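Spelled out from the first residue to the last, the chains are:
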Amino acid sequence: MSAVATAIDAARAEGRGALIGYLPIGYPDLQTSIEAAVTLAEAGVDILELGPPYSDPVMDGPVIQEATNAALQAGFRMRDTFTAVREVSARTDVPVLVMTYWNPVVQYGVSRYADDLSAAGGAGLITPDITPDAASDWLAESTRTGLDRVFLAAPSSTDARLEMIVRETTGFVYTVSTMGITGERAQLDAAARALVARLREHGAERACVGIGVSNADHVRSVLEYADGAIVGTALVRALRDGGLDGLAAAARELVAGTVRQ
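Scope of this entry: the structure provided in the associated data block.

Thresholds applied
- Residue numbers here run from 1 along each chain, matching the order of that chain's written sequence.
- Residues qualify for local features only when their pLDDT is at least 70, as the model is predicted, and side-chain atom pairs are given and counted only at 80 or more; totals for whole chains, interfaces and linings, by contrast, use all residues.
- Only hydrogens and water are set aside; all other atoms, that is, all heavy atoms of the structure, feed into the side-chain values.
- Starting at the N terminus, helices and strands are each numbered in turn, a helix being any DSSP run of H or I of at least four residues and a strand any DSSP run of E of at least two.
- For the radius of gyration, the atoms used are the C-alpha atoms, and the globule rule reads 2.2 Å times the number of residues raised to 0.38.
- The buried label applies to any residue whose accessible area, calculated with a 1.4 Å probe on protein chains only, is under 20% of its type's maximum; exposed applies above 50%, and partly exposed to all values in between.
- Methods summary: accessible areas were calculated by the Shrake-Rupley approach with a probe of 1.4 Å, and residue burial reflects only the protein chains presented.
- For this count, His and the chain ends are skipped, Lys and Arg are scored as positive, and Asp and Glu as negative.
- Charge positions are represented by NZ for Lys, CZ for Arg, CG for Asp and CD for Glu.
- Any two residues having at least one pair of non-hydrogen atoms within 4.5 Å are treated as being in contact.
- The angle between two axes is taken between their N-to-C directions and runs from 0 to 180 degrees, where each axis is a line fitted to C-alpha atoms and a helix contributes only its stretch in contact.
- Under this scheme an angle from 65 to 115 degrees is roughly perpendicular, one under 35 degrees roughly parallel, and one over 145 degrees roughly antiparallel; angles in between are oblique.
- In this scheme the crossing of two helices becomes right-handed for a clockwise turn of the near helix relative to the far one and left-handed for an anticlockwise turn of less than a right angle.
- Residues are grouped as follows: nonpolar covers Ala, Val, Leu, Ile, Met, Phe, Trp, Tyr, Cys and Pro; charged covers Asp, Glu, Lys and Arg; every other residue, Gly included, is treated as polar.
- In this description, a nonpolar core means a group of buried Ala, Val, Leu, Ile, Met, Phe, Trp, Tyr and Cys residues linked to one another through side-chain atoms lying within 4.5 Å.

## Quick notes on the overall build of the protein chain
Helix and strand counts for the protein chain stand at 11 helices and nine strands. Relative to the 2.2 N^0.38 estimate, which gives 18 Å for 261 residues, the radius of gyration of the protein chain is 17 Å and therefore close to what a compact globule would have. Based on the C-alpha atoms only, the size of the protein chain along its principal axes is roughly 45 × 40 × 30 Å. Taking all 261 residues of the protein chain together, 59% fall into the buried category. In the form shown here, the protein chain has an accessible surface area of approximately 10400 Å², with 48% of it arising from carbon and sulfur atoms. For the protein chain, the centre of its 21 positive side-chain charges and the centre of its 33 negative side-chain charges are spaced 1 Å apart.

In structure tokens, the structure reads:
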């Protein structure tokens, strides 16, 4: 079983849900982004989600866009992805997933990307803008290298698409809480709960909810019905405003919300 699935199951065995923390690679610079990822792991985050900055994001909110633009302006290069994964993986046992749009993977070469990510100690990819029926190369390469492939399910997904996503996803299904871009929201959409229930009907063993999860109360609410909560914007904001110390404090507060009552 994958390291990602194992981490989620280990949290469940401890009577809590998993916390997945997102940070962009290269923000505010490469080395600090590596230290920030290690900080999340040391604070108790169960799975790390590292995002290579992308020049034309389709689902990132303003806080993450600001950070990724800064990373690009600071000189981020594709090879920095594997450097970050390698250094973080060497310093923590927490699984490291890469959250990437698909075009950079294609430009790099799907087989080469899979080999380099595996060699760096990465756990797999989250691919927000490609579905399993359009990802035959990635299905083959992830199977060959043992990398997880995490696909997204949205409230608008048909039952047929959910069945396909559940069948082809490994690690967990990334369950989109609401339609739209990432960011902090005052109240999570009730659609997330209904979507997780639909995924369970199609056999999903692990479903983690992201998009709009931004505080410990949100985490507690999500973990009433899901296996994990995914937090991005709130952590990027904490790093921006408070540096590594602020990030650590924010992460510890979120981790406290993972304990099921």
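## What about helix H4 (residues 78-91)?
Within H4, the full set of buried residues consists of Asp-80, Thr-81, Phe-82, Ala-84, Val-85, Val-88 and Ser-89. Those residues of H4 that are buried are in contact with helix H2 (30-43), strand E2 (47-51), strand E3 (96-99), helix H5 (102-108) and helix H6 (110-119).

## Focus on the side chain of Arg-149
Along the chain, Arg-149 falls in strand E5 (residues 148-150). With sequence-adjacent residues up to four places away left out, Arg-149 is seen in contact with Leu-125, Trp-138, Leu-139, Ser-142, Thr-143, Glu-168, Thr-169 and Thr-170.

## Some thoughts on the packing of helix H8 (residues 159-168) against helix H9 (residues 191-201)
In the contact formed by H8 and H9, the axes pass within 9 Å of each other and the chain directions differ by 65 degrees. Taken together, H8 and H9 sit at an angle that is classed as roughly perpendicular. The way H8 lies across H9 gives a crossing that is right-handed. Facing H8, whose interface residues are Asp-159, Leu-162 and Val-166, H9 presents Leu-195, Arg-198 and Leu-199. Broken down by class, the residue content of the contact of H8 with H9 amounts to four nonpolar, no polar and two charged.

## With respect to the side chain of Thr-175
Residue position: Thr-175 is located in strand E7 (residues 173-176). Setting aside anything within four residues of it in sequence, one finds Thr-175 in contact with Ala-153, Leu-195, Val-196, Leu-199, Ala-207, Cys-208, Val-209 and Gly-210.

## A few points about unusual backbone geometry
Omega for the peptide link from Tyr-27 to Pro-28 comes to -5 degrees, which places this bond in the cis form. Tracing the backbone shows Pro-28 in the loop between strand E1 (18-24) and H2.

## A few points about the packing of H6 against helix H7 (residues 136-145)
In contact at an axis separation of 9 Å, H6 and H7 are set at 30 degrees when each is read in the N-to-C sense. With respect to H7, the axis of H6 lies roughly parallel. Seen from above, H6 lies across H7 with right-handed handedness. Counted together, Val-110, Ser-111, Ala-114, Asp-115 and Ser-118 of H6 and Asp-137, Trp-138, Glu-141, Arg-144 and Thr-145 of H7 form the full contact between these two elements. Within the contact of H6 with H7, the residues separate by chemical class into three nonpolar, three polar and four charged.

## Quick word on the environment of Leu-30
For Leu-30, the location among the structural elements is in helix H2. It is 17 Å that separates the C-alpha atoms of Leu-30 and Leu-97, two residues lying 67 residues apart in sequence. Not counting residues up to four positions away in its chain, the partners in contact with Leu-30 are Ile-25, Asp-80, Thr-83 and Ala-84.

## Looking at the environment of Ala-36
Among the secondary structure elements, Ala-36 is positioned in helix H2. Put simply, Ala-36 and Gly-210 are 174 residues apart on the chain and 20 Å apart in space, counted from C-alpha to C-alpha. Contact partners of Ala-36, with chain neighbours within four places excluded, come to Leu-23, Leu-239, Leu-244 and Leu-247.

## Section: the nonpolar core
Leu-23, Leu-48, Trp-138, Phe-172, Tyr-174, Leu-199 and Leu-235 are the most contacted members of the largest nonpolar core, which totals 92 residues. Of all the elements, helix H11 (residues 233-256) adds the most residues to this core, at 10 residues.

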